[in-house]
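Structural overview
One-letter residues, chain by chain:
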Amino acid sequence: MRVDLYEKLVRAGATRRDILKGAASMAAMAAASGAGLGALTRPASAASELRAKILQIPGVGKGQPTDADFQKVGELCLDATKASVKEGEFAGVELKFMGLNNQNLHNVLFRGFLKPWEAYTGAKISWIDLAQADYNARLQQSIATGTVDFDIAEMGAPFEGDVCGKGLTSEMPDWVKKQIDIEDLVNYLKPPVGTWDGKQYRVTIDGDTHNFNYRADVFADADLAKQWKDGGGAGEWGVPKTWQQVQAVTKFLKGKKFKGQDVYGYLDAPKPWGGFGFYFLGSRASAYAKHPDDKAWLFDADTMKPRINNPAWVRAIQDVIDALPSEPADQINADPNTTGFQQFLAGTGSMIPWWGDIGSNVKTNDSSVVGDLCGFDILPGSDDVYNSKTGKWDKLPGGPNYAPNLAYLGWGVYVMARVDSDPKKQKAAWSAAAHLGGKDLAIWTAMYPSGFQCYRNSQHDIEEWVAAGYDKAFITNYLDSQFNSYNHPNGAIEPRIPGIFQYYSAAEDILANTFAGKMKAQEGADAIAAAWEKLTDQIGREKQVKLYKASLGV
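The present account deals with the structure reproduced in this document. (Residues numbered from 1 in each chain as written. Predicted model: local features only at pLDDT ≥ 70, side-chain atom pairs only at ≥ 80, totals over all residues. Heavy atoms only, no water.)

**A closer look at the overall build of the protein chain**
Using the following cut-off: A run of H or I in DSSP becomes a helix once it reaches four residues, and a run of E becomes a strand once it reaches two; helices and strands are each numbered from the N terminus. Exposure is judged per residue with a 1.4 Å probe applied to protein chains only, and the accessible area is read against the type maximum: over 50% gives exposed, under 20% gives buried, and values in between give partly exposed. Contacts were defined at the residue level, with two residues in contact if any of their heavy atoms lie within 4.5 Å.
What the protein chain contains, in helices and strands, is 23 helices and 14 strands. Taking the principal axes of its C-alpha atoms as reference, the protein chain extends roughly 75 × 55 × 40 Å. The proportion of buried residues among the 554 residues of the protein chain is 59%. In the protein chain, 75% of the contacts between residues at least 6 apart in sequence involve partners at least 24 apart.

**Here we look at the pairing of strand β10 (residues 351-354)**
Test applied: Strand pairing is assigned whenever DSSP detects at least two bridges linking the two strands.
Both faces of β10 are covered, namely the face carrying Met 351 and Pro 353 and the face carrying Ile 352 and Trp 354. Alignment of strand β7 (residues 211-215) against β10, held across four bridges, turns out to be antiparallel. Pairing of Asn 213 across the sheet is with Ile 352, part of β10.

**Concerning the packing of helix α21 (residues 500-515) against helix α22 (residues 521-539)**
Let me state the cut-off plainly: Working convention: axes come from line fits to C-alpha atoms, limited for helices to the stretch in contact. Angles between N-to-C directions cover 0 to 180 degrees. To sort the angles, those under 35 degrees are grouped as roughly parallel, those over 145 as roughly antiparallel, those from 65 to 115 as roughly perpendicular, and the leftovers as oblique. Crossings are classed by handedness, with left-handed meaning an anticlockwise turn of the near helix from the far one by less than a right angle and right-handed meaning a clockwise turn. When residue character is reported, Ala, Val, Leu, Ile, Met, Phe, Trp, Tyr, Cys and Pro are called nonpolar, Asp, Glu, Lys and Arg charged, and the others, Gly included, polar.
At a minimum axis distance of 9 Å, the contact between α21 and α22 shows a crossing angle of 160°. With respect to α22, the element α21 is oriented roughly antiparallel. Helix-helix and strand crossings are classified by hand; for α21 and α22 the assignment is right-handed. Residues Gln 502, Tyr 503, Ala 506, Ala 507, Ile 510, Leu 511 and Thr 514 of α21 form the contact with α22, whose own contacting residues are Ala 521, Gly 524, Ala 527, Ile 528, Ala 531, Trp 532, Leu 535, Thr 536 and Ile 539. Here the contact of α21 with α22 is built from residues that sort into 12 nonpolar, four polar and no charged.

**A few points about the packing of helix α5 (residues 67-76) against helix α7 (residues 107-121)**
Contact geometry for α5 and α7: axes closest at 7 Å, N-to-C directions at 45°. One element, α5, and the other, α7, form an angle in the oblique class. Our pair here, α5 against α7, has a crossing hand that is right-handed. Residues Asp 67, Phe 70, Gln 71, Val 73, Gly 74 and Glu 75 of α5 lie in contact with α7, whose contacting residues are Val 108, Leu 109, Gly 112, Phe 113, Lys 115 and Pro 116. Residues of the contact of α5 with α7, tallied by class, amount to six nonpolar, three polar and three charged.

**A look at the pairing of β7**
A large share of β7 lies buried, amounting to five of its five residues. Going residue by residue along β7, you find Asn 211, Asn 213 and Arg 215 tucked away on one face and Phe 212 and Tyr 214 tucked away on the opposite face as well. Pairing analysis gives four bridges linking β7 to strand β11 (residues 374-377), with the strands arranged antiparallel. Residue Asn 213 lies in a different strand from β11, and its bridge partner there is Phe 376.

**Describing helix α20 (residues 472-486)**
The cut-off we apply is this: Here the expected length of a helix is defined as 1.5 Å per residue gap, with one fewer gap than residues. Here a polar contact is taken to be a pair of N or O atoms separated by no more than 3.5 Å, where protein atoms must pair a possible hydrogen donor with a possible acceptor and residues adjacent in sequence count only if both atoms sit in side chains.
Taking 1.5 Å as the rise per residue, α20 with 15 residues should run 21 Å; its terminal C-alpha atoms sit 21 Å apart, in good agreement. Within α20, burial applies to Phe 474, Ile 475, Tyr 478, Leu 479, Ser 481, Gln 482, Phe 483, Ser 485 and Tyr 486. Those residues of α20 that are buried lie in contact with β7, α16 (357-364), β11 and α19 (462-468). Capping the start of α20 is the job of one residue whose side-chain oxygen sits 3.1 Å from the backbone nitrogen of Ala 473: Asp 471.

**With respect to the pattern of salt bridges**
For clarity, the threshold we go by: The salt bridge definition used is simple: a Lys or Arg side-chain nitrogen within 4 Å of an Asp or Glu carboxyl oxygen.
On inspection of all chains with the given rule, the structure shows 27 salt bridges. In this structure, Lys 427 and Glu 89 form a salt bridge, with 2.9 Å as the shortest nitrogen-oxygen distance. Remark: Glu 89 occurs in the loop between α6 (79-82) and β1 (94-100) and Lys 427 occurs in helix α17 (residues 423-436); sequence separation between them is 338 residues. Of the residues examined, Lys 427 reaches a relative accessible area of 25% and is grouped as partly exposed. With relative accessibility at 27%, the residue Glu 89 sits in the partly exposed group. In the salt-bridge network here, residues are joined through shared partners; they are Arg 51, Asp 440 and Glu 464.

**Focus on the sheet that holds β7**
Read from one edge of the open sheet, three strands run β10-β7-β11, paired in antiparallel fashion. Edge positions in the open sheet fall to β10 and β11, since each of these has one partner strand only. Put simply, the sheet's adjacent strands are angled 25° from each other on average, direction ignored. Set on the sheet, α20 makes contact with β7 and β11; between it and β11 the angle comes to about 30°.

**Some words on the nonpolar core**
Heads up, the rule is: Only buried Ala, Val, Leu, Ile, Met, Phe, Trp, Tyr and Cys residues count toward a nonpolar core, and they belong to the same one when joined by side-chain atoms within 4.5 Å.
Residues Trp 117, Tyr 135, Phe 278, Trp 444 and Trp 465 are the most contacted members of the largest nonpolar core, which totals 165 residues. For Trp 444, the residues in contact, after removing those within four places along its chain, are Ile 54, Leu 55, Ile 57, Pro 65, Phe 70, Val 73, Leu 109 and Phe 113.

**Comments concerning the sheet that holds strand β6 (residues 202-204)**
Strands sit in the order β2-β1-β3-β14-β6 across an open sheet of five strands; the sheet is mixed. At either end of the open sheet lies a strand with only one pairing partner, and these are β2 (124-130) and β6. Direction aside, neighbouring strands of the sheet carry axes that sit 30° apart on average. Where β6 lies against strand β14 (residues 411-415), three bridges are found, and the strand directions are antiparallel. Opposite Val 203, over in β14, you have Val 413 as the bridge partner. Sheet strands in contact with helix α8 (residues 132-145) are β1, β2, β3 (152-156) and β14, and its direction is about 125° off that of β1.

**Focus on α17**
Compared with an ideal rise of 1.5 Å per residue, which puts 14 residues at 20 Å, α17 spans 20 Å between its outermost C-alpha atoms and is within 8% of the ideal. Listed as buried for α17 are Ala 428, Ala 429, Trp 430, Ser 431, Ala 432, Ala 433, Ala 434, His 435 and Leu 436.

**Here we look at the side chain of Asn 361**
With respect to the helices, strands and loops of the structure, Asn 361 is situated in helix α16. The class for Asn 361 is buried, based on a relative accessible area of 1%. Within the local environment of Asn 361, its side chain forms a polar contact with the backbone oxygen of Asp 357, the two atoms lying 2.7 Å apart. Filtering out sequence-adjacent residues up to four positions away, Asn 361 remains in contact with Phe 341, Leu 345, Ser 368 and Pro 449.

**A word on the packing of aromatic side chains**
Stated formally: Under the pairing criterion, centres of Phe, Tyr and Trp rings, with the six-membered ring standing for Trp, must be within 6.5 Å; the plane angle then separates stacked pairs below 30 degrees from edge-to-face pairs above 60, leaving the rest tilted. Whether a charge sits over a ring comes down to the Lys NZ or Arg CZ being within 6 Å of the ring centre and within 35 degrees of the ring normal.
Within the structure shown, the criterion is met by 51 aromatic pairs. Judged by centre distance (5.5 Å) and plane angle (90°), the rings of Phe 280 and Trp 355 are edge-to-face. Note that Phe 280 is positioned in helix α13 (residues 278-289) and Trp 355 in the loop between β10 and α16, a separation of 75 residues in sequence. Look at Phe 280 and you get buried, because its relative accessible area is 6%. Taking NZ or CZ as reference, Arg 315 lies 4.4 Å from the ring centre of Trp 393, over its face. The ring centre of Phe 474 lies 4.7 Å from the NZ or CZ of Lys 363, which sits over that ring.

What follows is the structure, given as structure tokens:
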């Protein structure tokens, strides 16, 4: 439905539920409001018209979306549901949905998107809300104790080994694949991602890669450029392209002022974050550790011997230790949310890695003061890359080694197998998942603060973003950082193996002590490697080798 017509009907006294009651009542309401039924019928270009309309809710630069906005967008995107579900078809069905409420995103938006779906279908949803740091423990507890108490889960692909591999998920029906246009996914999110043993399990709602976010105004400042040159800085003052340059700039900026304020360089996130914080060390390490001739970078693909204590990873750990004294006070207690949402968006720090959320939030988050000041790129490279097969550092003939960290492979919505015994409940659960994974809803979540970033080829339409209010140069730069990471030939692939977050969590705990100075970089790395070896033996080395190779495509 067109937004202007929706709002006209609401002003005429219609409730949202009234509007959802069907064509007959719609005609009556339209007549009462002075709009003919013909005005409710979208033309042949309905898809593009709908997208243009929802992208004006609330409108770029007009403040952060509210729950009313989420509901309005969810309601306008209901056509695909109506094509396969009759009104009231799921009356009496109750579903329990587990997901994040991180930064008031994820589940908070799902509630709004699904309220119109509940009103139309008759199903009711209850919610299990989890903070990011609590997510892994809650999911693992459910798996270990055999007490899956939810019907739908928001979950990332790294958990597929733990969940899909144990038969806990429902296989996706073919009609869902059609409804969500599954072929529109970017290549790196297509099978095997989302599948297990050849069966499709996930409705993808997010793409994940760490990109590089920087303050363009800091690196264009003439005064800082002069100080850099006078101080003997290597090369011209500008946006770092390698981790070696990131380190040099971070140390140079210690104690400097910019626009009358303290200015900082790179912001590390040393505080454990439920296993998710390990990705931020991974983004420092990938250019050192991911050799173009070797798809593996976390473990040896033939033996599962950890590489976390090889010279590449130790170098990345040492970089954090060396940079922390030049970062803001108490940075040791900063987790990724702190660096992204409390520091960078608020104007502290000039460089962070993050998932794509920062790019959409700088323009549309109420707390952002850097909307017109940011630039984006793939993660920095390295002047040399460690070759695990030769045990030497290689300098590549083409210049620095780049290896975007394809961290987490995006969030998805998974339906649990426990609904399969009830066909009505099963269809309801998949219908809810398909609504959240809809193609039109996806462009809205990528454009506004949601916790999700681009994951479809159809979202790389610059003119669509410009029409929604984004500056062309800004959005081109941002989208290029995303898609150039997704499609990079030397991407550092996320291992979809059982227990991967047990590995990450174990690493985080040891890294926290290492960054706090209780262990040397090599000591910490060796301790992590020892913990990982025990985990691999507990889970089953032969099985892990097979699955790790499969996740790498070797």
